[in-house]
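Close look at the chain arrangement
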Amino acid sequence: VPSTHQRPTCCHYCQGIGQGLRDVCCAPLRSLQTFTSSARSTDWDEALALYVGLLGVHCLLALRSGTSVTMLRRHLINRDGWIHYDMASTSSAEVKALLQELGAQVPEAFLAFAEMDFWSRCRLFLRALHPYSSSVLLSLEQSPAIRMKLKADVMFGALAVSAFFFALTESGTSFASPEACAQSSISPWRFVLMGFFSASFVSIPVSLMSWFWQRSFVDSASSVNVLQRHLWRWRLQDCFMWIFSFCYTIFCCVYVALFIA
């Protein structure tokens with residue numbers, strides 16, 4: 001009797017399913033073992049020192065030139081090395097000249113950062129990476145006004161969503177009733193959940209406003225009508241974004257004021 005007919009076909013089918021399940025269950029374990037073996041062979045101290053040093057170079061050059069850290073990371077140098085012939089430098093002579101000038105300052109900036117003490121590095125990171133102080137730096141993706149407005153919308157939106165959760169759960173008390181304030185007890189986990197949901201809900205309208213401000217490169221060899229059409233569409237997107245953003249800010253401020261009142 002051939003070996004293929006010694007057992008029913010369904011047994012071979014079940015055996016194949018079982019082997020597939022074993023492979024799926026053992027895959028995470030193999031991935032963990034591979035990651036552990038690679039982690040042992042990686043010098044994390046050297047990698048961290050390289051990351052911090054490169055970040056310090058970005059921060060120094062950003063404060064000196066008035067450009068954002070994100071722009072330097074995307075168009076000048078990153079952990080993979082120098083960036084050459086990207087779309088920004090090849091399409092703009094001003095950007096190309098600026099990047100070439102900053103590229104010549106990279107070795108000196110690296111030495112200057114290496115000679116700094118701990119507190120000087122902390123002040124440098126705070127000035128260059130703070131969400132609001134970095135908003136005034138030059139960026140090819142968004143203007144300083146757009147970035148400041150989006151950050152303000154995030155803050156007002158978080159306040160409005162937190163006030164909504166307080167009103168929904170009836171955990172907010174009035175200043176006019178000290179007895180109720182003394183008796184109220186809110187679990188710290190509720191604040192954590194409110195913060196998590198506030199950040200989640202606020203990201204929806206802010207992402208929508210950011211989407212309306214998206215830009216893309218346009219071929220300069222296109223016809224005049226095509227270029228004018230792109231400019232007109234961008235102006236409409238800017239107008240809609242500003243109107244929607246101001247309405248959103250006013251709504252959040254009014255809602256928080258009514259909640260406090």
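Fair warning: this is a prediction, and the values are worked out from it, not measured in the lab.

Another aspect to go through is the packing of aromatic side chains. Enumeration according to the criterion identifies five aromatic pairs in this entry. Centre to centre, the rings of Phe113 and Phe125 are 5.9 Å apart; their planes meet at 45 degrees, and the pair counts as tilted. Here Phe125 lies in helix 7 (residues 118-129) and Phe113 lies in helix 6 (residues 106-114), a separation of twelve residues in the sequence. One Lys or Arg, Arg121, reaches over the ring of Phe113 and ends 4.5 Å from the middle of that ring. In this structure, Lys149 is placed above the aromatic ring of Phe246, and the distance from its NZ or CZ to the ring centre is 5.1 Å.

Our next topic: a nonpolar patch on the surface. A cluster of nonpolar residues, Leu193, Phe196, Phe197, Phe201 and Ile204, forms a patch on the protein surface that exposes about 520 Å² of accessible area. Summarising the element assignment, Phe201 is placed in helix 10 (residues 188-212). The exposure class assigned to Phe201 is partly exposed, which follows from its relative accessible area of 42%.

Attention now goes to the pattern of salt bridges. This structure, assessed with the given rule, holds two salt bridges. Arg64 serves as the salt-bridge partner of Glu108, at 2.7 Å between the closest nitrogen and oxygen. Taken as a pair, Glu108 in helix 6 and Arg64 in helix 2 (residues 44-65) lie far apart in primary sequence, 44 residues in all. Looking at Glu108, the relative accessible area reads 43%, which means it is partly exposed. Asp153 serves as the salt-bridge partner of Lys149, at 2.7 Å between the closest nitrogen and oxygen. Of this pair, Lys149 and Asp153 both sit in helix 8 (residues 144-169), four residues apart, roughly one helical turn. For the pair Lys149 and Asp153, one class covers both residues: buried.

Let's shift gears to the side chain of Asp153. Of the residues examined, Asp153 reaches a relative accessible area of 0% and is grouped as buried. Not counting the four nearest positions on each side in its chain, Asp153 is found in contact with Val202, Val206, Met209, Ser245, Tyr248 and Thr249.

To continue, consider the environment of Val69. Take Val69: it is sitting in helix 3 (residues 69-75). Sequence separation of Val69 and Leu129 is 60 residues, and the distance between their C-alpha atoms is 7.6 Å. Setting aside its immediate chain neighbours within four residues, Val69 contacts Leu55, His58, Cys59, Ala62, Ala128 and Leu129.

Next up on the list: helix 2. When the terminal C-alpha atoms of helix 2 are compared, their 31 Å separation across 22 residues agrees well with the 32 Å that a helix rising 1.5 Å per residue should span. Those residues of helix 2 that sit buried are Gly53, Leu54, Leu55, Gly56, Val57, His58, Cys59, Leu60, Leu61 and Ala62. Remark: Gly66 follows helix 2 within two positions and exhibits a positive phi of approximately 80 degrees.

We now examine the nonpolar core. Side chains of a nonpolar character, in soluble globular proteins, are inclined to be buried together. Residues Cys59, Leu61, Val69, Leu72 and Leu76 are the most contacted members of the largest nonpolar core, which totals 22 residues. Here the element with the most residues in this core is helix 2; it accounts for seven residues. Excluding residues within four positions of it along the chain, Cys59 makes contact with Val69, Leu124, Phe125, Ala128 and Leu129. Membership of the second largest hydrophobic core comes to 14 residues, among which are Ile146, Met194, Cys252 and Val256.

Rules of the game
Residues numbered from 1 in each chain as written. Predicted model: local features only at pLDDT ≥ 70, side-chain atom pairs only at ≥ 80, totals over all residues. Heavy atoms only, no water. Phe/Tyr/Trp six-rings, centres within 6.5 Å; stacked < 30°, edge-to-face > 60°. Helix = DSSP H or I, 4+ residues; strand = E, 2+ residues; numbered from the N terminus. Lys NZ or Arg CZ within 6 Å of the ring centre and 35° of its normal. Patch = residues over 30% accessible without salt bridge, like charges linked within 9 Å, V, L, I, M, F, W, Y side chains within 5 Å. Areas by Shrake-Rupley, 256 points an atom, 1.4 Å probe, with all protein chains shown as cover. Salt bridge = Lys/Arg side-chain N within 4 Å of Asp/Glu carboxyl O. Buried < 20%, exposed > 50% of the residue type's maximum accessible area, 1.4 Å probe, protein only. Contact = heavy atoms within 4.5 Å. Expected span 1.5 Å × (residues − 1). Core = buried A, V, L, I, M, F, W, Y, C linked by side-chain atoms within 4.5 Å.

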